[in-house]
Amino acid sequence: LETRDLNGNVITQIGHGLQFEVWAYVQDMRNVPGYQSAPGLDDAEKGVFSAYMDLLYDTALVSFAGVEFSSNYPAGTNFDVGVPGIVNEVGALQGTGLPYGPSEKLLYKATFTASELGTTQFRSDPADDIPLHETTLNQPETQVDYPQIEFLATTIQVIESPDLVKVRQRYADRAVPADQKAGG
């Protein structure tokens, strides 16, 4: 997971009242040191075919605004925001085509609005509706059990936006007639 501004730049802070995105990625880690060994598996055969998760967030600091799925994962798109603080069962599947290989691929971008000041965490968590929303690999076509999936988190700090403060101050200055300003 990564927090990014609406232009796609990685960020660690966002101004109060502004929108930002949480980008979720997937990657087939077989044959990477420290992960599952898959003898004889060529990199061209690797790839995540489908991935689903819950995205947990703090409703006291941010509000959910929407999800955009990556063109890499156009089929089987799903998410549910019926419970505050959870983008439930968010994910998709590859559809057709060749496996994507060992590189990291964008799954989705979830948009949020920074509603209160403070530091907030976004955490991925296993999907619950199995086998409908399972994580699977391309070659061999197989389900990945949760202990083999690394669910990650990211944080962002919501700060008072200096640009917004200046705009508010300029607006307030214009709203007061010149003869009523202090010293005028």
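So, a few notes on the structure that sits alongside this text. Model, not experiment: these values are computed from the prediction. (Residues numbered from 1 in each chain as written. Predicted model: local features only at pLDDT ≥ 70, side-chain atom pairs only at ≥ 80, totals over all residues. Heavy atoms only, no water.)

### Things to note about the packing of aromatic side chains
- All chains considered together, the criterion is met by 10 aromatic pairs.
- A ring pair is formed by Phe112 and Phe122, whose centres lie 4.8 Å apart and whose planes are at 55°; its orientation type is tilted. Taken together, the residues span a long stretch of sequence, with Phe112 in strand β8 (residues 105-114) and Phe122 in strand β9 (residues 118-126) at a distance of 10 residues. For the pair Phe112 and Phe122, one class covers both residues: buried.
- Feature note: the residues Phe20, Tyr57, Phe64, Phe69, Phe79, Tyr108, Phe112 and Phe122 constitute an aromatic cluster, connected by ring pairs.
- Across from the ring centre of Trp23, 4.1 Å away, lies the NZ or CZ of Arg4, which sits over that ring. (Phe/Tyr/Trp six-rings, centres within 6.5 Å; stacked < 30°, edge-to-face > 60°. Helix = DSSP H or I, 4+ residues; strand = E, 2+ residues; numbered from the N terminus. Buried < 20%, exposed > 50% of the residue type's maximum accessible area, 1.4 Å probe, protein only. Lys NZ or Arg CZ within 6 Å of the ring centre and 35° of its normal.)

### Regarding the pattern of salt bridges
- Evaluation of the coordinates by the stated rule reveals four salt bridges.
- Taking the shortest distance from any N to any O, the salt bridge between Asp28 and Arg30 comes out at 2.6 Å.
- A relative accessible area of 2% places Asp28 in the buried class. (Salt bridge = Lys/Arg side-chain N within 4 Å of Asp/Glu carboxyl O.)

### With respect to the pairing of strand β4 (residues 48-56)
- The buried fraction of β4 amounts to eight of the nine residues, a majority that puts the element mostly inside the structure.
- Note that β4 and strand β10 (residues 136-137) share two bridges and pair antiparallel. Looking across to β10, one finds that Val48 is bridged to Leu137.
- Strand direction decides the pairing type here: β4 and β9, joined by four bridges, are antiparallel. Each bridged residue has a counterpart across the sheet, and for Leu56 the counterpart in β9 is Arg123. (Pairing = 2+ DSSP bridges.)

### Describing the sheet that holds strand β5 (residues 62-69)
- Taken in spatial order, the four strands make up an open sheet running β1-β3-β8-β5, and their pairing is antiparallel. Strands with a single pairing partner mark the edges of an open sheet, and in this sheet they are β1 (2-4) and β5. On average, each strand axis in the sheet is inclined to that of its neighbour by 30°, with strand direction left out of account. (Axes fitted to C-alpha atoms, helices over the stretch in contact; angles between N-to-C directions.)

### Looking at the environment of Asn72
- Note on placement: Asn72 falls in the loop between β5 and β6 (75-80).
- Sequence separation between Asn72 and Tyr100 is 28 residues; the distance between their C-alpha atoms is 8.6 Å.
- In this structure Asn72 touches Gln94, Tyr100, Lys105 and Leu106, once residues within four positions along its chain are discounted. (Contact = heavy atoms within 4.5 Å.)

### Comments concerning the environment of Leu106
- Following the sequence through the fold, Leu106 ends up in strand β8.
- Here the alpha-carbon distance between Leu106 and Ala24, two residues 82 residues apart in the chain, equals 6.0 Å.
- Residues contacting Leu106, with those up to four places away along its chain left out, are Trp23, Ala24, Tyr25, Ser70, Asn72 and Tyr73.

### A word on the nonpolar core
- Within the largest apolar cluster, 30 residues are counted, with the highest numbers of intra-cluster contacts made by Phe20, Leu55, Val90, Leu107, Tyr108, Phe112 and Phe122.
- The set of elements that each furnish at least two residues to this core consists of β3 (19-26), β4, β5, β7 (86-93), β8 and β12 (153-159).
- For this core, the element with the most residues is β8, which contributes five residues. (Core = buried A, V, L, I, M, F, W, Y, C linked by side-chain atoms within 4.5 Å.)

### Looking at the side chain of Ser50
- By the element assignment, Ser50 lies in strand β4.
- Reaching out from Ser50, the side chain makes a polar contact with the backbone oxygen of Glu134 at a distance of 3.0 Å.
- Within the structure, the side chain of Ser50 is placed 2.6 Å from the side chain of Thr136, a separation counted as a polar contact.
- When residues no more than four places from it in sequence are discounted, the contact partners of Ser50 are Ala92, Leu93, Glu134, Thr135 and Thr136. (Polar contact = N/O pair within 3.5 Å; in protein donor to acceptor, adjacent residues only side chain to side chain.)

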